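Residue-level structure breakdown
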Amino acid sequence: MKSALRLLLVLGLGFLLAACSRSSSNPDQKKITVALMPKSKGNAYFISCKKGAEDAAQETGVELLFDGPTDPDPARQNEIIENWTTVGVDVIAVACENREGIATALRKARQKGIKVLTYDSDTTAEARDFFVNQATPEGIGHALMDEAARLTGEEGEFAIITASLTAANMNAWRKHIEQRLAEKYPRMKLVATKPCDDLKDKAQTESTALLSAHPNLKLLMSICSPGVPGAAEAVKQAGKGGQIKVMGLGLPNENRAYIKQGVTQSIILWKTLDLGYLTLHAAAALGRGSLQPNAKSYSAGRLGEITIEGDNLLLGKPFVFNSENIDLFDF
Amino acid sequence: MSTAFHHRLARIRALVFRHESLLLLILLAEWITFSFLGRRFATWENAADILRHSAEIGLLAVALTPVILTGGIDLSAGSLLGLCAVIFGKLWRDAGFPPTLAAVTAVAAGAVGGLLNGSLVTRLKLPPLIVTLGTFSLFRGIAEALTRGTDTFTNFPNTFLFLGQERLLGLPTQAWIFFLLAGTAWLLIHRTTAGRNCCSAGFNPEGAVYAGLPLSKIQTLAYVGVGTVAGIAAVIYTARLGQARADAGSGYELLAITAVVLGGTSIFGGTGTIHGTLLGVAALAVLNNGLVHARQPRETAGILTGVLLLTALTLTTLAYFRSSRKPSRTQPSP
């Protein structure tokens, strides 16, 4: 009996203390908390975004909470957002694994007065305040075509490897590549566009076929990330490393070896560090009320002036990674 | 000191050292700790969050308890949830079923899936682990094939989403379904002959058969129960997320089994309770939720879940060893 009483006493005391600690917490201490969520935590792409976000958090003096599912799991993303809503963070910034699935949770957060930002992949427009858009189709298309022209001296045949002929985003990029080609580079010729199903193996097979079918080919451009190392492997095995240029959209780590060997010349992507930096910088401004819905531009610390198109913050031109700068990046 | 005092002490100890009491203490400790660490943890709103997030795993855990009591296991529950969610989505969007009819059909499909498990286990006498490992892949595979891995069902009407996202009489809507089913399961297991037979079947299968218990029937019913509940959980999951996809409920079976075992049900069958399972579900759900409030990263949840499970089982086992030297009313350990 005695021990039971003692237990009750301890528990009661615990509750009392808990209650006290709640009432004594200072409500007017206005330190903003920004909760940042990746699609999945282990992904090097998002780890690198987080590094940029940490820099911005320090510069703007906000508290950064970084959490998300360990695998890309839409249900867990929703649960964590709902928890953050109850915890009462000031701003939520999320890379959405699922466009519609996450919208309800984000809408509820906004009803509670929490500001919502998406980055990398968007949700439905009414579920968030702004989307930090890492690259427009036009920006990607132009960057790829300009870099291809630079590598070939604006002259000769080239071929494109894509993931599939139906993928909406890649078709948008191709449209802009072809427009840019027609406008600016009359002496270049696109001889083939081949799908590789987002597989490195298939990209390699297709590239080998392209090499024998088009002996005058000067460059292979892959607009899906597995395609770049696939094309590089084909060129390397054909013993044409350096003669036939390889470039495309891809991650530095997947292409590092080929770039060092001189098989792949350059890859194009946005700086994930900057994506994280801009996301958190804008989140802090949104939370403090200095970034308003109808703003036309935004001054984002070390990134300078950022254009806002509608409710999209544009990160700017994609970045070209090559043998000179690739060692500065790890993702 | 008097012997009467000693007797009293022994009785208190027996009560305190019961697995469920230990779990209750763990739950209280979690609650107090997180109340300190998270400003909004101990609020009604957060309690509603916890209930909302644990309904599906809670349902699966409650349904799995009888299966494990009979000495079986069901690894396919999470996959079946995914399949039922896809069936529900397809019937609603492609076949034009109203949500209620689609839901009923999805639950029926779940029951059929459970019946398949049950029949293979009881008719062919295949080990439950192997059977449900097979259907674990099979059900998820069918779900992926039906959607080609990419199709997502969304834009459900608000009347349907009410089930997963809104409140009814102060509680999350799905919590009422959870409580109703948990209550039913408790009555079935602890207050009916069928329930007692479940335990006997697990405790001593051969003895149960010699005693004339309909062992096969009990086992089959238990698997059908899991299947049916997986169907119900699928509908709730879809309503909560506003989407159905082939990956729904991945890994839920292990979380549910963890809750059941944490709740004191022996993995070999024979002993265990529904209220123990509910405490197990609560201990895990509070831990997962509280860590977000304490601003701890998700990885911590995995570590602490493991520590929690092993600690709880070790303490109960130690208490059992101690008390088994002296006659006492302590329950056998899981």
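Refer to the structure printed above.
All of the points below concern the structure found in this document. This is a predicted model, so every value here is computed, not measured.

All names here are of chain A. For helix α3 (residues 74–87), which comprises 14 residues, the first-to-last C-alpha distance of 20 Å matches the rise-based estimate of 20 Å (1.5 Å per residue) to within 8%. Counting buried residues in α3 gives 14 out of 14 residues, a clear majority hidden from the surface. After α3 finishes, the residue G88 shows a positive phi value of roughly 85 degrees.

A separate point is the sheet that holds strand β10 (residues 264–269) of chain A. Residues and elements named next belong to chain A. Taken together, six strands build an open sheet; the order of strands is β7-β6-β8-β9-β10-β14 and the sheet is mixed. The two strands at the open ends of the sheet, each matched to only one other strand, are β7 (188–195) and β14 (319–322). Here the strands of the sheet are splayed against their neighbours by 20 degrees on average, with no regard to which way each runs. Looking at chain direction, β10 and β14 are connected through four bridges and run antiparallel. The residue of β14 that forms the bridge with I268 is V320. Most of the contacts of helix α5 (residues 137–152) go to strand β9 (residues 245–249), to which it runs at about 170 degrees, and overall it touches β6 (156–162), β7, β8 (217–222), β9, β10 and β14.

Attention now moves to the interface of chain A and chain B. On the side of chain B, 35 residues touch chain A, which itself brings 37 residues to the contact. A buried area of about 3,300 Å², summed over both sides, lies between chain A and chain B, and 53% of it is on carbon and sulfur atoms. Seen at the junction of chain A and chain B, the total is four salt bridges. Notably, a salt bridge pairs E63 of chain A with R295 of chain B, separated by 3.0 Å at the nearest N-O pair. Counting across the chain A and chain B interface gives nine residue pairs in polar contact (both at pLDDT 80 or more). Within the residue set of the side of chain A that touches chain B, elements represented by two or more residues are α1 (2–24), β2 (63–66), α3 and α4 (103–111) of chain A. Tallying contributions element by element places α3 of chain A first for the side of chain A that touches chain B, with 11 residues. Here the side of chain A that touches chain B is built from residues that sort into 13 nonpolar, 13 polar and 11 charged.

What follows covers the pairing of β7 of chain A. Where β6 of chain A meets β7 of chain A, seven bridges bridge the pair, whose relative direction is parallel. In the strand pairing of β7 of chain A, I161 of chain A is matched with K194 of chain A.

The way to describe two aromatic rings as a pair is by their centre distance and the angle between their planes. Within this structure, the stated rule accounts for 13 aromatic pairs over all chains. Their ring planes at 75 degrees and their centres at 4.9 Å tell us that F319 of chain A and F321 of chain A sit as a pair that is edge-to-face. Look at F319 of chain A and you get partly exposed, because its relative accessible area is 22%. The class of F321 of chain A is buried, set by a relative accessible area of 0%. On the numbers, 5.9 Å between centres and 25 degrees between planes, the contact of F178 of chain B with F179 of chain B is stacked. For F179 of chain B, a relative accessible area of 38% corresponds to the partly exposed category. The rings of F88, W92, F156 and F160 of chain B are connected pair by pair, giving a single aromatic cluster. Here the basic side chain of R302 of chain A rests over the ring of Y277 of chain A, its NZ or CZ set 4.1 Å away from the ring centre.

On to a nonpolar patch on the surface, then. Among the surface-exposed residues, F162, L168, L169, W176 and F179 of chain B lie close enough to one another that they form a single nonpolar patch of about 490 Å² accessible area. Residue position: L169 of chain B is located in the loop between β1 (167–168) and β2 (171–172).

We now examine the sheet that holds strand β12 (residues 305–309) of chain A. All names here are of chain A. Across the sheet, which stays open at both edges, the eight strands sit in the order β2-β1-β3-β4-β5-β13-β12-β11 with mixed pairing between neighbours. Both edges of this open sheet fall to β2 and β11 (297–299), since each of them pairs with a single strand only. Strand-to-strand twist across the sheet, computed as the mean angle between neighbouring axes with direction ignored, equals 25 degrees. Two strands pair when backbone bridges link them, and β12 and strand β13 (residues 312–314) are joined in this way by two bridges, in the antiparallel orientation. Within β13, the position partnered with E309 by the bridge is N312. Taken strand by strand, α3 contacts β1 (33–37), β2 and β3 (91–94), and its axis lies near 175 degrees from that of β1. Across the sheet, helix α10 (residues 272–288) is in contact with β1, β2, β3, β4 (115–119), β5 (130–133), β11, β12 and β13; its angle to β4 comes to roughly 165 degrees.

Here is what the cut-offs are and how they apply
Within each chain, residues carry numbers counting from 1 in the order of the written sequence. The naming scheme follows written order: chains are lettered A onward, ligands numbered 1 onward. Per-residue local features are limited, in this predicted model, to residues with pLDDT of at least 70; the limit for side-chain atom pairs, both in listing and counting, is 80 or more; totals at the level of whole chains, interfaces and linings are taken over all residues. Calculated side-chain values reflect all of the structure's heavy atoms, with hydrogen atoms and water omitted. Put simply, DSSP marks the helices as runs of H or I at least four residues long and the strands as runs of E at least two long, and each gets a number from the N terminus on. Expected helix span is given by 1.5 Å per residue-to-residue step, counting one fewer step than there are residues. Whether a residue is buried, partly exposed or exposed follows from its accessible area with a 1.4 Å probe, protein chains only, as a fraction of its type maximum: under 20%, in between, or over 50%, in that order. Two strands pair if DSSP finds at least two bridges between them. With axes taken as lines fitted to C-alpha atoms, and helix axes fitted only over the stretch in contact, angles between N-to-C directions fall between 0 and 180 degrees. Residues count as neighbours in contact if any of their non-hydrogen atoms are within 4.5 Å of one another. Put simply, buried area is the surface a 1.4 Å probe can reach on two separate parts but cannot reach once they are joined, added for both. Salt bridge, as used here: a side-chain nitrogen of Lys or Arg that lies within 4 Å of a carboxyl oxygen of Asp or Glu. Here a polar contact means two N or O atoms within 3.5 Å. Within protein one must be a hydrogen donor candidate and the other an acceptor candidate, and residues neighboring in sequence count only if both atoms are side-chain atoms. By the convention adopted, Pro, Cys, Tyr, Trp, Phe, Met, Ile, Leu, Val and Ala count as nonpolar, Lys, Arg, Asp and Glu as charged, and the other residues, Gly among them, as polar. Classification of ring pairs rests on two measures: the distance between centres of Phe, Tyr or Trp rings, Trp counted by its six-membered ring, which must be within 6.5 Å, and the angle between planes, read as stacked under 30 degrees, edge-to-face over 60 and tilted in between. Geometrically, a charge over a ring is one whose NZ (Lys) or CZ (Arg) sits within 6 Å of the ring centre while staying within 35 degrees of the ring normal. Patch membership requires more than 30% relative accessible area and the absence of a salt bridge. Residues of like charge join within 9 Å; the nonpolar side chains Val, Leu, Ile, Met, Phe, Trp and Tyr join within 5 Å. Residue-level accessible areas treat just the shown protein chains as cover; the underlying method is Shrake-Rupley with a 1.4 Å probe.

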